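Listed below are the residues making up each chain.
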Amino acid sequence: MRLGLVSVLVDDYDEAIDFFVRAVGFELVEDAPAATNDGRPKRWVVVRPPQATTGILLARADGAHQRAGVGEQFAGRVGLFLDTADAEEFDRTYRRMREAGVEFLTAPRTEPYGRVAVWRDLAGNRWDLRGPA
């Protein structure tokens, strides 16, 4: 088994694609028409880091209940982790994301589990950018 996708609620498909592809550096894997369980149109949009197998399904919020979850999927905690292979990749990714306008909530620091900087996606969800110590 493997984890294939993780869903992230977003307000708008195109804004989310732009953010994750341009600012974060993910690749757009799929963007296809689809339908909700009751037949309404939606899109199936998947992004992922280059060379990764697990992707992010960008799911446009449908209805008030889901809209309330946009940016709050993890109740203010870090809920997603973007790992880098080494210190050089960490520094390069951190620098590129900052230059692209990604909001970092913390400066890079070293923890027992490695190097980390907390950032927020366009919806407000908190992520860790992580690298080896």
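The structure we're discussing is the one just above.
Residues numbered from 1 in each chain as written. Predicted model: local features only at pLDDT ≥ 70, side-chain atom pairs only at ≥ 80, totals over all residues. Heavy atoms only, no water.

## A look at the pairing of strand β8 (residues 114-120)
Here β8 lies mainly inside the structure; five of its seven residues are buried. Strand direction decides the pairing type here: strand β6 (residues 103-104) and β8, joined by two bridges, are antiparallel. In the sheet register, F104 faces β8, and the bridge partner there is W119. As defined by bridge partners, strand β7 (residues 109-111) adjoins β8 across three bridges and the pair is classed as antiparallel. By the bridge assignment, E111 is partnered in β8 with G114. The turn linking β7 back onto β8 is made up of two residues. Inspection of the sheet shows β8 paired to strand β9 (residues 126-131) by six bridges, in the antiparallel sense. In the strand pairing of β9, R115 is matched with G131. Adjacent in sequence and paired antiparallel, β8 and β9 are bridged by five residues, among which G124 carries a positive phi angle near 110°. (Buried < 20%, exposed > 50% of the residue type's maximum accessible area, 1.4 Å probe, protein only. Helix = DSSP H or I, 4+ residues; strand = E, 2+ residues; numbered from the N terminus. Pairing = 2+ DSSP bridges.)

## Re the sheet that holds strand β2 (residues 27-35)
Here we have four strands laid out as an open sheet, ordered β1-β4-β3-β2, and mixed in their pairing. Looking at the sheet topology across the chains shown, the edges are occupied by β1 (5-10) and β2. Averaged over all neighbouring strand pairs, the angle between strand axes comes to 25°, with direction disregarded. Sheet topology places strand β3 (residues 41-48) next to strand β4 (residues 55-60); three bridges connect them, and they run antiparallel. Counted as the bridge partner of V46 is L57 from β4. Strands β1, β2, β3 and β4 of the sheet are contacted by helix α1 (residues 13-24), whose axis makes an angle of about 5° with β3. (Axes fitted to C-alpha atoms, helices over the stretch in contact; angles between N-to-C directions. Contact = heavy atoms within 4.5 Å.)

## A closer look at the pattern of salt bridges
One side chain can pair with another of opposite charge once the charged atoms of both are near each other. As enumerated under the stated definition, the model contains 10 salt bridges in all. For R43, the salt bridge identified is with D14, shortest N-O distance 3.0 Å. Pair noted here: R43 is in strand β3 and D14 is in helix α1, with a separation of 29 residues, a long-range link. Close ionic contact of E103 with R120 constitutes a salt bridge, the shortest N to O distance being 3.0 Å. With a gap of 17 residues between them, E103 in strand β6 and R120 in strand β8 connect regions that are remote in the sequence. A relative accessible area of 41% places E103 in the partly exposed class. Taken together, the shared-partner salt bridges connect D14, D31 and R43 into one network. (Salt bridge = Lys/Arg side-chain N within 4 Å of Asp/Glu carboxyl O.)

## Quick word on the environment of T54
The residue T54 is located in the loop between β3 and β4 in this model. Each C-alpha atom, one on T54 and one on G25, is 15 Å from the other, the two residues being 29 residues apart in sequence. Contacts of T54, omitting those with residues within four sequence positions, involve L3, G4, L5, R48 and P49. Within polar-contact distance, the side chain of T54 engages the backbone oxygen of L3 at 2.7 Å. (Polar contact = N/O pair within 3.5 Å; in protein donor to acceptor, adjacent residues only side chain to side chain.)

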